[in-house]
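Fold and contact review
Each chain, letter by letter, is given below.
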Amino acid sequence: MLALATPAAADLNTVSEKTPEELAVYMHPETRHLASDVIRICAEQEVSAEFIAAVMRWEKRPDLHNWFGWTEGKLLTFESDLQCLETVIPKIKENYLTPGGIYYNGATVEGVSKYYNNSDFWRETIQAEVERMV
């Protein structure tokens, strides 16, 4: 008998079937205007839009157009929200969700959390958000 994947082990390389309108309902009010771009870029990169939306809810720095708390030695400032999405989502895919990526530890919330934000609170919160959306 085949075991079904549990939500906790959901593959974050799974493309969402949600429309931008459906995803926006779950997004933080400050990020809802980005739902169409999140869906589009996540589909292009083969990344879970639900996961990206959850990270954006907890890591946001709107004053910097940095919706992921993204650092490269220091916290980055982007020129626009779109520039942030187009820069960071591919980096999340490459570094965290792709075997051989510098921070790859499995394409699950638990795997990503080890290097993205190694706290039980972050892992449990992001996981709960993803499960609520799917």
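Details of the confidence of the model for the chain
Across the chain, the average pLDDT comes to 92, with 93% of residues at or above 70. Across residues 1-6, confidence stays below pLDDT 50; counting only partners more than four residues off in sequence or on other chains, it has 0 contacts.

Thoughts on the packing of helix H3 (residues 49-59) against helix H6 (residues 120-133)
Close contact between H3 and H6 brings their axes to 9 Å; oriented N to C, the two are set at 135 degrees. Relative to H6, the element H3 lies oblique. Handedness of the H3/H6 crossing: right-handed. Counting all contacts with H3, which are made through Glu50, Phe51, Ala53, Ala54, Val55, Arg57, Trp58 and Glu59, the residues of H6 involved are Phe121, Trp122, Thr125, Ile126, Glu129, Val130, Arg132 and Met133. Taken together, the residues of the contact of H3 with H6 break down into 10 nonpolar, 1 polar and 5 charged.

Quick notes on the packing of aromatic side chains
Inspection of every chain in the model, using the stated rule, returns 7 aromatic pairs. Plain terms: the ring middles of Tyr103 and Tyr115 are 5.8 Å apart, the flat faces sit at 40 degrees to each other, and that makes the pair tilted. One end of the pair, Tyr103, is in the loop between helix H4 (81-96) and helix H5 (109-116); the other, Tyr115, is in helix H5, and 12 residues separate them in sequence. Under the relative-accessibility criterion, Tyr115 is labelled partly exposed at 41%. Aromatic side chains Tyr116 and Trp122 sit 5.3 Å apart centroid to centroid with 25 degrees between the ring planes, which places their arrangement in the stacked category. Ring-pair connections join several aromatic residues into one group, and the members of that group are Trp70, Tyr96, Tyr103, Tyr115, Tyr116 and Trp122.

Notes on the pattern of salt bridges
One pass over the full model with this rule turns up 8 salt bridges. The shortest N-O distance in the salt bridge between Asp37 and Arg40 comes to 3.4 Å. Here Arg40 and Asp37 lie together in helix H2 (residues 35-45), a separation of 3 residues that amounts to about one turn. The exposure class assigned to Arg40 is partly exposed, which follows from its relative accessible area of 32%. In this structure, Arg61 and Asp63 form a salt bridge, with 2.9 Å as the shortest nitrogen-oxygen distance. We classify Asp63 as exposed; its relative accessible area is 54%. Within this structure, Asp37, Arg40, Glu44 and Glu86 form a network of salt bridges that share partners.

Details of a nonpolar patch on the surface
Where nonpolar side chains cluster on the molecular surface, the patch consists of Ile102, Tyr103 and Tyr115 and spans about 320 Å² of accessible area. Residue position: Ile102 is located in the loop between H4 and H5.

Thresholds, definitions, all that
- Residues numbered from 1 in each chain as written.
- Predicted model: local features only at pLDDT ≥ 70, side-chain atom pairs only at ≥ 80, totals over all residues.
- Heavy atoms only, no water.
- pLDDT = per-residue confidence, 0-100.
- Contact = heavy atoms within 4.5 Å.
- Axes fitted to C-alpha atoms, helices over the stretch in contact; angles between N-to-C directions.
- Helix = DSSP H or I, 4+ residues; strand = E, 2+ residues; numbered from the N terminus.
- Parallel < 35°, antiparallel > 145°, perpendicular 65-115°, else oblique.
- Left-handed = near helix turned anticlockwise from the far one by under 90°.
- Nonpolar A, V, L, I, M, F, W, Y, C, P; charged D, E, K, R; others polar.
- Phe/Tyr/Trp six-rings, centres within 6.5 Å; stacked < 30°, edge-to-face > 60°.
- Buried < 20%, exposed > 50% of the residue type's maximum accessible area, 1.4 Å probe, protein only.
- Salt bridge = Lys/Arg side-chain N within 4 Å of Asp/Glu carboxyl O.
- Patch = residues over 30% accessible without salt bridge, like charges linked within 9 Å, V, L, I, M, F, W, Y side chains within 5 Å.
- Areas by Shrake-Rupley, 256 points an atom, 1.4 Å probe, with all protein chains shown as cover.

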